[in-house]
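# An overview of the molecular structure
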Amino acid sequence: QVQLVESGGGLVQPGGSLRLSCAASGFTFSSHAMRWYRQAPGKERELVAAITTAGGSTNYADSVKGRFTISRDNAKNTVYLQMNSLKPEDTAVYYCNAVKRSFPSTYNYWGQGTQVTVSS
């Protein structure tokens, strides 16, 4: 069955770094665009970063530009989110998302999330 398993979250001090990983299985990873979302308590889920199927194009939320980097390894069926210069406002549950649009269907898969807490 389809699985997206995030890892790498934890507690980090402001200014620190974390690298999130999302291992995919049960579908053709290389044909799906990949995204990282996050949701802080009491807030809506927001898109943090996105990467195309071959990794040739990336996009970031303004709040993380210059600090976060999304990448993927299609040979390992894994997408990463390198997070540097972390701020307390980055505290959230981070979710991995895979999406493929094949008219008229859209295939959308989610991981279970990993907690990132930025605090001194």
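Everything here concerns the structure above.
Residues numbered from 1 in each chain as written. Predicted model: local features only at pLDDT ≥ 70, side-chain atom pairs only at ≥ 80, totals over all residues. Heavy atoms only, no water.

Of note, the amide linkage connecting Phe 103 to Pro 104 takes the cis form, showing an omega dihedral of 5 degrees. With respect to the secondary-structure elements, Pro 104 resides in the loop between strand E9 (92-102) and strand E10 (105-110). Positive phi outside glycine occurs at Ser 85, with the angle close to 50 degrees. Secondary-structure assignment places Ser 85 in the loop between strand E8 (78-83) and E9. (Helix = DSSP H or I, 4+ residues; strand = E, 2+ residues; numbered from the N terminus.)

Here strand E7 (residues 68-73) shows a clear split, with Phe 68, Ile 70 and Arg 72 buried on one side and none of Thr 69, Ser 71 and Asp 73 buried on the other. With 6 bridges joining them, E7 and E8 adopt antiparallel strand pairing. From the neighbouring strand, Asp 73 faces E8, where its bridge partner is Thr 78. In textbook terms, the turn of a hairpin is the stretch between consecutive antiparallel strands, and for E7 and E8 this stretch comprises 4 residues, one of which, Asn 77, has a positive phi near 55 degrees. (Buried < 20%, exposed > 50% of the residue type's maximum accessible area, 1.4 Å probe, protein only. Pairing = 2+ DSSP bridges.)

It is worth spelling out the state of the cysteines at this point. The tally for this structure, following the rule as stated, stands at 1 disulfide. Residue Cys 22 pairs covalently with Cys 96 via a disulfide, S to S 2.1 Å. Taking the sign of the torsion about the S-S bond as the criterion, the disulfide between Cys 22 and Cys 96, at about -80 degrees, is left-handed. Taken together, the residues span a long stretch of sequence, with Cys 22 in strand E3 (residues 18-25) and Cys 96 in strand E9 at a distance of 74 residues. Here Cys 22 and Cys 96 have matching classes, each one buried. (Disulfide = S-S within 2.5 Å.)

Structural measurements only, silent on function.
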